[in-house]
Amino acid sequence: MTAPDATSGTAPATTDASSPSWRESLAVYLQPRVLIVLFLGFSSGLPLALSGSTLLVWMRESGVDLGTIGLFALVGTPYTLKFLWAPLVDALHVPLFTRAFGRRRGWLLFAQLLLIISILLLALTDPARSPFYVALGALLVATTSSTQDIVVDAFRVESLPESEQAAGMASYVAAYRIGMLVSTAGALFIVSGFEGTGIPRSSAWMWGYVVMAALVLIGTITALAATEPEQSARAEAATQADSAIARVLHAAVGAFSEFLSRKDALAALAFVVLFKFTDAFSGTMTAPFVIDLGFTRNDYAAIVKGVGLAATLIGGFAGGFVARRYPLAASLWIGGVVQALANLSFSWLAVVGTNQWALALAICAENFTSAIGTVIFVAYLSALCQNPLHTATQYALLTALAAVGRTYLSSGAGYVAKAVGWPMFFVICVLVAIPSLMLLTWLQKRGHFEQLGPVRV
């Protein structure tokens, strides 16, 4: 079996040295393909809190003990392990769905149907009487939601040409955050609204989750309005004669072997692990730092979550502008440097003390630059996934590697902060970015980015 050309079907790479104008950079966000990705981003962000923070509020109001609630952190496991079944998404057909809608859209609609059913099943549970069934329902929501994420990531990478990848990711990040906001604050307001009409609390929570299930239809309508990516259609044709087992094995093994066969593959993987480490190291300690300075929980909610969300959304689109106007390597330098230096705003805040304006400024600087780095970084991950035979598998593996810094390497941040104090801790957060920038320099000298093609995203 011969793999189809990974670059065919995409827009020709831009070789003109001139950067696009700001008007062109804005216009890209109105492209139909980018708008499709935006609405899919909302659909991906919506379910996350329904098996997480919103569910925990429901459980606590129902009288579930804190020990049981704490164990529900394990419900998020499918989001970490989704790369294990990503080869199935790449290789297997969904009866009826694949034939009617295509390889990616078929899986997308199937995952969304399962997600709606899972949310409705969770809505019918009673945390006070049956925590086990609540856990089972939440696990189903997390599994179907992470499956949807696998398909959406592959669909985005395959459907957008290089000139729209960064804009698509910026739109996706913004809509994902809005989806999370709807399923947290929005869901709580909806439940309160139902209670206000005289509906008992347990029923109000049930109907709140029913409304959330209905909102998944936004993604379903988007999937129906979209068209199957040309790369995916060609990959489907290339593997049509293979058995299901052969396709799964090729997706699983090929995703590893194809990537590792590239020049400097291990250095690229190390760069994937370390690029966002500066963010992860400081982000782990943001909440205790804010409380230690003397800010209240209301300050944390309003400024860190409220103002921080706005800064993240704006930073996401700013990252799209940067990645569209500059080559990929230059964009990574910009994102890597600004997200590291922003940690110094927290060192300054540690000296200033309890000042709400200073906190807002520091949070805006950190969230804005972090979002710039995230959009550019994901554009890089997308550029690494060049073979449509296993886009979903490779992307899931790369994002799992990127989570290593957040999950494991940053676990000792508290001990460092305790040893050196807050001002110096955030200086160290800047310094931990140096290894990733050294790898970026080395990869540039080795011609790594030239191997990805003349990509100007």
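Residues numbered from 1 in each chain as written. Predicted model: local features only at pLDDT ≥ 70, side-chain atom pairs only at ≥ 80, totals over all residues. Heavy atoms only, no water.

## Thoughts on the confidence of the model for the chain
- Across the chain, the average pLDDT comes to 82, with 83% of residues at or above 70.
- For the chain, the element scoring lowest by mean pLDDT is helix α13 (residues 230-238), at 64; helix α12 (residues 217-225) scores highest, at 95.
- Low confidence marks residues 1-17, where pLDDT is under 50. Its contacts with residues over four positions away, or in another chain, come to 30 contacts. (pLDDT = per-residue confidence, 0-100. Helix = DSSP H or I, 4+ residues; strand = E, 2+ residues; numbered from the N terminus. Contact = heavy atoms within 4.5 Å.)

## Describing the packing of helix α8 (residues 103-123) against α12
- As a packed pair, α8 and α12 sit with axes 10 Å apart at the nearest point and diverge in direction by 165°. In terms of orientation, α8 and α12 fall into the roughly antiparallel class. In this structure, α8 crosses over α12, and the sense of that crossing is left-handed. The residues of α12 that touch α8, namely those facing Arg105, Leu108, Leu109, Gln112 and Ile116, are Leu217, Gly219, Thr220, Ala223 and Leu224.
- Partitioning the contact of α8 with α12 into residue classes produces six nonpolar, three polar and one charged. (Axes fitted to C-alpha atoms, helices over the stretch in contact; angles between N-to-C directions. Parallel < 35°, antiparallel > 145°, perpendicular 65-115°, else oblique. Left-handed = near helix turned anticlockwise from the far one by under 90°. Nonpolar A, V, L, I, M, F, W, Y, C, P; charged D, E, K, R; others polar.)

## Observations regarding the packing of aromatic side chains
- In total, this model carries 20 aromatic pairs according to the counting rule given.
- Ring centres of tryptophan 58 and tryptophan 205 lie 5.6 Å apart, and the angle between their planes is 5°; this geometry places the pair in the stacked category. Highlighted residues: tryptophan 58 in helix α3 (residues 53-61) and tryptophan 205 in helix α11 (residues 201-215), separated in sequence by 147 residues.
- By relative accessible area, tryptophan 205 is classed as buried at 2%.
- Between phenylalanine 271 and tyrosine 380, the ring centres sit 5.5 Å apart and the planes meet at 80°, which makes this aromatic pair edge-to-face. With a gap of 109 residues between them, phenylalanine 271 in helix α15 (residues 265-274) and tyrosine 380 in helix α21 (residues 356-384) connect regions that are remote in the sequence.
- Through pairs of rings, three or more aromatic residues link up here, namely Phe277, Phe281, Phe289, Phe346, Trp422, Phe425 and Phe426. (Phe/Tyr/Trp six-rings, centres within 6.5 Å; stacked < 30°, edge-to-face > 60°. Buried < 20%, exposed > 50% of the residue type's maximum accessible area, 1.4 Å probe, protein only.)

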